Amino acid sequence: MDLATLKEYLPFLIPLVIAQYALAITALVHVLRHPHYRFGNKVMWVLIVLFIQFIGPAIYFAFGRGEE
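Please read these numbers as outputs of a predicted model, since none were measured by experiment.

**Student:** Can you lay out the packing of helix α1 (residues 3-33) against helix α3 (residues 56-64) for me, pointing to particular residues and giving the numbers?
**Tutor:** Viewed as axis vectors pointing N to C, α1 and α3 meet at an angle of 45 degrees, and their least axial separation amounts to 9 Å. As summarised for this structure, α1 and α3 are arranged oblique, according to the angle between their axes. Remark: the crossing between α1 and α3 carries left-handed chirality. Between α1, through L23, A24, T26, A27, H30 and V31, and α3, the contact on the second element is made entirely by P57, A58, Y60 and F61. Looking at the contact of α1 with α3, its residues break down into eight nonpolar, two polar and no charged.

And the structure:
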């Protein structure tokens, strides 16, 4: 990928990167503040949210978040 191609895709990539980090931070804050999960523990969910980019936070909100 050359520089011209990268510049062409930047208007699409920047909002995606910002959304991904916002979702990851939101999920991480939720994991750290709430002690109840459907399955797993806090350490497992922190690792999933941080190391499985893009889908880790979505997996947490869909399957891991426990009852409030």
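**Student:** An account of the environment of L13 is requested, with residue identities and associated values reported.
**Tutor:** Following the sequence through the fold, L13 ends up in helix α1. Judged by relative accessible area, L13 falls into the partly exposed class, the value being 38%. The spatial distance from the C-alpha of L13 to the C-alpha of V31 is 27 Å, given a sequence separation of 18 residues.

**Student:** Account for the UniProt feature "domain: Cardiolipin synthase N-terminal" (unreviewed entry) in the protein, with residues named and values stated.
**Tutor:** When the UniProt feature table is mapped to this numbering, "domain: Cardiolipin synthase N-terminal" (unreviewed entry) covers residues 22-65. For residues 22-65, helix accounts for 70% and strand for 0%, while the C-alpha atoms at its two ends are 17 Å apart.

**Student:** Any details on α1? Residues and values, ideally.
**Tutor:** Along its 31 residues, α1 runs 42 Å from first to last C-alpha, staying within 8% of the 45 Å computed at 1.5 Å per residue. Its maximal kink placed at L10, α1 deviates by approximately 55 degrees, while the proline P11 follows within four residues. Tucked inside the fold, the buried residues of α1 contact α2 (42-51) and α3.

**Student:** Give a detailed account of the packing of aromatic side chains, specifying residues and quantitative values.
**Tutor:** Considering all chains together, one arrives at four aromatic pairs under this definition. Aromatic side chains Y37 and Y60 sit 6.5 Å apart centroid to centroid with 65 degrees between the ring planes, which places their arrangement in the edge-to-face category. Taken together, the positions of Y37 in the loop between α1 and α2 and Y60 in helix α3 put the pair 23 residues apart, joining distant regions of the chain. On the basis of relative accessible area, Y60 is assigned to the buried category, the value being 0%. Residues W45 and Y60 carry aromatic rings whose centres are separated by 5.4 Å and whose planes lie at 65 degrees to one another, so their mutual orientation is edge-to-face. Placement of the pair is W45 in helix α2 and Y60 in helix α3, with a sequence separation of 15 residues. Note on accessibility: W45 and Y60 belong to one class, buried. Three or more aromatic residues link up through ring pairs in this structure, and these residues are Y37, F39, W45, Y60 and F61.

Thresholds, definitions, all that
- Residues numbered from 1 in each chain as written.
- Predicted model: local features only at pLDDT ≥ 70, side-chain atom pairs only at ≥ 80, totals over all residues.
- Heavy atoms only, no water.
- Axes fitted to C-alpha atoms, helices over the stretch in contact; angles between N-to-C directions.
- Helix = DSSP H or I, 4+ residues; strand = E, 2+ residues; numbered from the N terminus.
- Parallel < 35°, antiparallel > 145°, perpendicular 65-115°, else oblique.
- Left-handed = near helix turned anticlockwise from the far one by under 90°.
- Contact = heavy atoms within 4.5 Å.
- Nonpolar A, V, L, I, M, F, W, Y, C, P; charged D, E, K, R; others polar.
- Buried < 20%, exposed > 50% of the residue type's maximum accessible area, 1.4 Å probe, protein only.
- UniProt positions renumbered as here; feature names shortened; annotations may be inferred.
- Expected span 1.5 Å × (residues − 1).
- Bend = angle between axes of the 7 residues up to and from the residue.
- Phe/Tyr/Trp six-rings, centres within 6.5 Å; stacked < 30°, edge-to-face > 60°.

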